[in-house]
Amino acid sequence: MADTAARMLALLGLLQARSDWSGAELAERLGVSDRTVRNDVDRLRGLGYPVDAVRGRHGRYRLGAGTKLPPLLLEEDEAVAVAIGLRAGTSVQGIEETSARALAKLEHVLPHRLQRRVNALTDAVSAGPENTGSNVDDPVVDPGLLAEVAAAVRDHEEIRFDYRDGRHQVEPYRLVSWQRRWFVVARDAGTDSWAPYRLDWLDLKRPGGRRFTPHPLPGGDYTSFVLREVAFSGWEHHARIAVDAPAEEVLARINPTVGVVESVDADHCVLVTGGDSIEIIAVYIGMLGLDFHVTEPPALVEAVAVLGERYRNAVSRDTRGGIMDGWR
């Protein structure tokens, strides 16, 4: 009986590892006859695991979708990798509890030697803060919302939602994750216009819209589209910064994801950028190393003035002299 159970688990592992097997291939891998393979497949079906089969001389098998989750059979390194990934997920806002539950279930069934490997690795590793580039908290990830939007992308179904600028009904094409934020790239069929929408700003309505025939984004590069468009619409705060330098020089100094540079003339340009806090924008534009001018929004004008005064005070004559005396 033990041999039969072990062989059935091995059979499940093979069916999970590859989508399609011939009966002869399974028999060879398991070291049994074709008839034994057929009997074991029938046993799996009797336990509620759907195994689809094509009968005949060249019969083939594949694991179908059903109501029961088959045992997850992982190689040792795979099990360790999954456990480490789940532990990392416990620090991601919105999925902390889900990751912790899944990790507890996995660790409960790990053999002792693998538990020791996982514990040794996690005990020996320290992780720094996840968010060091901003003074605002990361938006919470809603796994249910992600799953619903992903299903709409897969099934070519429109989604309806309330957004900051009103109600939308659009065709979703791709989910893109960037800067710990999720965006869905979608097309408005009525205007044939494209836009990325932040999921943490989106209030999904049910039911959704109708099915649609896909008309993919021209060029097909959804990630680059998001990085380009977020400068205009994907941040809490936006700004247009006049820079006393050619557009080419500004582009050479920034990451393309920071914003969009619009040329004015041979010696001037405008940087369109943004962030989820005014302070972040004020700091980033100072890192250009170029002269710039801020006229709006008012909160940014004030933040730049405060920051400039703070820097000026930090290197005042008396302070600078004191520092130099301390170095001597």
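Scroll up a little and you will see the structure.
Residues numbered from 1 in each chain as written. Predicted model: local features only at pLDDT ≥ 70, side-chain atom pairs only at ≥ 80, totals over all residues. Heavy atoms only, no water.

Asks: Quick question: what am I supposed to make of the nonpolar core here?
Replies: The biggest cluster of nonpolar side chains holds 20 residues, and the ones touching the most others in it are I241, V243, V250, V261, L271, L288 and L300. Breaking this core down by element, the ones donating at least two residues are β9 (237-243), α9 (247-253), β11 (268-275), α10 (278-286) and α11 (298-314). What V261 contacts, discounting residues up to four positions off in sequence, is A247, V250, L251, I254, C269, V270 and L271. Listed in part, the 16 residues of the second largest apolar core include V170, Y197, L199 and L202. (Core = buried A, V, L, I, M, F, W, Y, C linked by side-chain atoms within 4.5 Å. Buried < 20%, exposed > 50% of the residue type's maximum accessible area, 1.4 Å probe, protein only. Helix = DSSP H or I, 4+ residues; strand = E, 2+ residues; numbered from the N terminus. Contact = heavy atoms within 4.5 Å.)

Asks: I keep staring at the packing of aromatic side chains and nothing clicks. Help me out?
Replies: Here the distance between the centres and the angle between the planes together describe a pair of aromatic rings. Per the counting criterion, the structure on display carries 7 aromatic pairs. Consider the rings of Y163 and Y197, whose centres lie 5.1 Å apart with planes at 85°: the pair is edge-to-face. Taken together, the residues Y163 in strand β4 (residues 159-163) and Y197 in strand β7 (residues 193-198) connect sequence positions 34 residues apart. Across this residue pair, the class does not change: Y163 and Y197 are buried. Summarising the aromatic geometry, the rings of Y173 and F212 are spaced 5.4 Å apart at their centres and angled 50° between planes, so their arrangement reads as tilted. Of this pair, Y173 sits in strand β5 (residues 166-178) while F212 sits in the loop between β8 (203-205) and α8 (222-233); the two residues are 39 residues apart in sequence, bridging distant segments of the chain. Like Y173, the residue F212 is buried in the burial classification. Here the aromatic cluster, defined as three or more aromatic residues joined through ring pairs, consists of F161, Y163, Y197 and W201. Cation over ring: R164 sits above W201, and NZ or CZ is 3.8 Å from the ring centre. (Phe/Tyr/Trp six-rings, centres within 6.5 Å; stacked < 30°, edge-to-face > 60°. Lys NZ or Arg CZ within 6 Å of the ring centre and 35° of its normal.)

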